[in-house]
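# Secondary and tertiary structure notes
Listed below are the residues making up each chain.
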Amino acid sequence: MRHGSPKLRDLARLPFTGALLLALGCAASDPESASGPETTGCSPGLVDCGTVCTDLNTNPAHCGGCNLPCAASEVCTAGICTCATGYTDCNDTCVDTLTDPNHCGGCDVACNGQVCSQGFCSDSCGAALTDCSGACVDLATDLLNCGTCGNACSGGATCVASACVGGAAGGTGGTTGAGGAPTGGTVTGGIVTGGTVTGGTVTGGATTGGATTGGATTGGGSTATGGTATGGTATGGTATGGTTTGGESTNTGGAATGGTPPEECCDTTPPVLSNHPPPASDYTETAGGVSLDFVYIPGGDIAVAGTAQATVSPYHILKTEVTAAQMQSLLGDAAPTGFGVGTWYDCQAFACALSRQSGRAYRMQTEAEWELAATHHSSSLEQIGSGEEWTYNSWGDPMGGTDPVGAASGAHTQKTRKDTGSTTGRLIRSIDGIGPNCRLTVSNTTEFPPEYVPSCTICPPCGGEEPENSYRDPRWITGDNAHWVAGAELGFGQMDLRVWEDGTAQQGATTGQWFTSNNIVFVFVPESGANSVYPYIFLDATQGSLLSEGGFGAGGFIGRIAKEEQSGSKPTVSNLQSGQELAAAAGKKYRMVDMENIPQSAREQDPRLLDGTDQCWFQNNISLGGTHNYRKDVDPDEFRFVVIDGGRSVILANGDWFTVNDVFLRVTHPDGYVADYLYAVSNGTFYHNSFQGYERADFRMFETYGSTDPDFPATCVNNSCSGEIPKGQAQSIYAQQEDGGSTYVPAPTPEGGVY
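Now for a look at the structure at hand.

## Concerning the side chain of Thr478
Along the chain, Thr478 turns up in the loop between β29 (440–443) and β30 (482–493). For Thr478, a relative accessible area of 3% puts it in the buried group.

## Structural notes on the sheet that holds strand β21 (residues 300–304)
Here 3 strands make up an open sheet; going across it, the order is β21-β22-β26 and the pairing mixed. At either margin of the open sheet sits one strand with a lone partner, and together these are β21 and β26 (401–402). Here β21 pairs with strand β22 (residues 308–312) via 5 bridges, running antiparallel. The partner of Ala303 across the bridge, within β22, is Gln309. The sheet contacts of helix α5 (residues 367–376) involve β21 and β22, and relative to β21 the element is tilted by about 105 degrees.

## Regarding the pattern of salt bridges
On inspection of all chains with the given rule, the structure shows 19 salt bridges. Note that Asp635 and Lys727 form a salt bridge whose closest N and O atoms lie 3.7 Å from each other. Of the two residues, Asp635 is situated in strand β39 (residues 628–635) and Lys727 in the segment after β45 (699–706); the sequence distance between them amounts to 92 residues. Given a relative accessible area of 6%, Asp635 falls into the buried group. For Asp676, the salt bridge goes to Arg666, with nearest N and O atoms at 2.7 Å. Linking Asp676 in strand β43 (residues 674–682) with Arg666 in strand β42 (residues 664–668), this pair joins segments that are 10 residues apart in sequence.

## A few points about the sheet that holds β39
The strands making up a sheet are joined through hydrogen bonds of the backbone, oriented either antiparallel or parallel. Taken together, 8 strands build a closed barrel; the order of strands is β38-β39-β40-β41-β42-β43-β44-β45 and the barrel is antiparallel. Here the average twist between neighbouring strands, direction ignored, is 35 degrees. Pairing analysis gives 4 bridges linking strand β38 (residues 615–619) to β45, with the strands arranged antiparallel. Across the sheet, the residue bridging to Trp617 is Thr704, located in β45.

## Focus on helix α4 (residues 344–358)
Relative to the 21 Å expected for 15 residues at 1.5 Å per residue, α4 spans 21 Å between its end C-alpha atoms, a close match to the ideal helical length. By the criterion of burial, α4 is predominantly enclosed, with 12 of the 15 residues buried. Of the residues flanking the start of α4, the one acting as N-cap is Thr343, its side-chain oxygen 3.2 Å from the backbone nitrogen of Tyr345. Downstream of α4 by one or two residues, Gly359 has phi in the positive range, about 80 degrees.

## What about the state of the cysteines?
Counted by the stated rule, this structure contains 13 disulfides. Note that Cys125 is cross-linked by a disulfide to Cys136, the S-S spacing being 2.1 Å. One disulfide, between Cys125 and Cys136, carries an S-S torsion of -80 degrees and so falls in the left-handed class. Of this pair, Cys125 sits in the loop between β8 (120–122) and β9 (130–132) while Cys136 sits in strand β10 (residues 135–137); the two residues are 11 residues apart in sequence, bridging distant segments of the chain. Cys125 gets classed as buried once you look at its relative accessible area, which sits at 16%. At a sulfur-sulfur separation of 1.9 Å, the disulfide partner of Cys132 is Cys149. Here the S-S torsion is close to -75 degrees, and the disulfide linking Cys132 with Cys149 is therefore left-handed. One end of the pair, Cys132, is in strand β9; the other, Cys149, is in the loop between β10 and β11 (158–160), and 17 residues separate them in sequence. A relative accessible area of 37% means that Cys149 is categorised as partly exposed.

What counts and how
- Here the residue numbering is sequential within each chain, running from 1 through the sequence in written order.
- Totals for whole chains, interfaces and linings use all residues, but because this is a predicted model, local features are given only for residues with pLDDT of at least 70 and pairs of side-chain atoms are given and counted only at 80 or more.
- To obtain the side-chain values, all non-hydrogen atoms of the structure were included, while hydrogens and water were left out.
- Working definition: helices are DSSP H or I runs of at least four residues, strands are E runs of at least two. Numbering for both runs from the N terminus.
- Burial classes: relative accessible area under 20% of the type maximum marks a residue as buried, over 50% as exposed, and values in between as partly exposed (1.4 Å probe, protein chains only).
- In this analysis, strands are considered paired if DSSP registers two or more bridges between them.
- What makes two residues a contact is simply this: any of their non-hydrogen atoms within 4.5 Å.
- Structural elements are reduced to axes, namely lines fitted to C-alpha atoms, with helices fitted over the stretch in contact, and the angle between N-to-C directions of any two is expressed from 0 to 180 degrees.
- Salt bridges, as used here, are contacts in which a Lys or Arg side-chain nitrogen is within 4 Å of a carboxyl oxygen on Asp or Glu.
- Here the expected length of a helix is defined as 1.5 Å per residue gap, with one fewer gap than residues.
- Identification of polar contacts relies on pairs of N or O atoms within 3.5 Å, with a donor-acceptor requirement for protein atoms, meaning one able to donate a hydrogen and the other able to accept it, and with residues adjacent in sequence counted only if both atoms are side-chain atoms.
- By disulfide we mean two sulfur atoms from cysteines, separated by a distance within 2.5 Å.

Following this line, the structure appears as structure tokens:
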């Protein structure tokens, strides 16, 4: 259809013509077989194309007729070559609009000398991509450039680890009764009898209707080997079934890693950028029912955060912050309703929606762009210094160079926010939390700065449904092919953990067993020595936030974790026990509780949290260069938690409190506002991990300070640090926000109860 003479080829692919060819065998297309194909020995419905028996309806090497191959970007459907998944029909040619420089982001969108990277024209390819005649491709998986530029995988083969694997040249379904072994072929909805199917690894794409979908492997001791979905679209976060051996399906713990979030999280279709560059002057963008004023910034040099020198190219920046009404106009039901204008992801979604409506590459501001505009062009802008604003960059990345975006560009990390009245205040807020406002930019010299990940390709973490309360939370399972390590942001201490479904675990070089309690505490039980205890929050199937009862100074870990691919072998551990047995041996602290309706008998007050009237729990940020501190006062009759900023103390959580199993903390104000945290106490430090909407999955570290001690931080003013936090105050300002409270979702209670 899309190769040779397109019009003649299209005629040959019409359904009626295809049916006629099937009726006549290969006579209409095979010059060596004028009297028709030899069909002796072929199963009904298959045609002998010289050396193989094949189905002309599905075989891409013989599509609609013998020796009529589809292009590498096509599949054979009902005897017609059509565009494969991920490819678009542009002028009778199947192209990848994420990489094709002549159809970049959409048909007929030419890059005119630039390269096409992830659906956008750019000056250079992103990390791990190769420039193949203007197309930025991954040589390890690209069908048209497999292993090297120009090497296309034909005949239905896939590109796996830079090599073309499989293909339909070997026939489909094999020869009845021959006991043959179709090797590398694709089994779709059918039955392979008497043979062995080998290969079958699907890499980089969704496994849908493909190698291991809808088919059955039966008879003759046949063995299906491979079939692991790696790096593809993960629905629900876990690839089940694993390797099939001798007809029995064994779940090998093959959690999908490295893949894209489920499609229901967001639409990653790239916008068609047909309106670039913007004018080199101020202008107003009107699209999707919103009107936004952009101010031209000619670029220049800036010392980001007062230290690293950066050069910023010309760009436009929004004159004022995005309003909630503008968010609602573009995002509709998906618009945030909480404090400020939502999360970091909401700002990304707004930039993406505006790009689709306008044809311009709108995006979140980088820290360098914010710094330059706020320092040298504030007279042309509004709301600069009036509140916090999201920026694209990870706050801890080196920020020097030209148009810097940091080492963790596009990663799901904590991000910089700007503080009131300070152009160099670099504060931290989790991208999963709410609070800062959104201000967009658009580049003038190129669609995106180098290594900048476009807004439309970034989805929020999708955790899926909470699994049932159990002593082995299945989200932890890595199997042989992955491990848990420190994530791409703040993380203190050691983390290298492998987990198997049968209870085997390996922490670093130490082997042992594992169990969980209430889906919020992971416990590693070594073959000898003390247990390691980790309260946790999962953000999705491949990342979470973790605390350690051992702190991080004694081999523990505090911060974000990520599941990454890494091959390895399962160790042998003797006397494996069930999760329930391990929890019972570990003591009362690890009992399972109905966390949906926490019984009074499970509600306690952990005495380690009580600080008395002459001291407090304090996180001293200002002495480390920050702009505010945190303080907690914990008494039996009330828990108080405040942020101290500019001498002003603002309540974050206060009220009655209780703990569950020395790990879960709930604070309830008399007016109904609930704050939930996971916590750990280690060597005089009180760690918490927040479920609050304004800082979801963020962790804090508090140390005890005596209110009258001479070394108590001198950074507080107006007595905001001395004396007890007053009791009986009004509830947190976040109680007024629809999504500012606790995000805690308890695991469903198993039938029959758990306590």
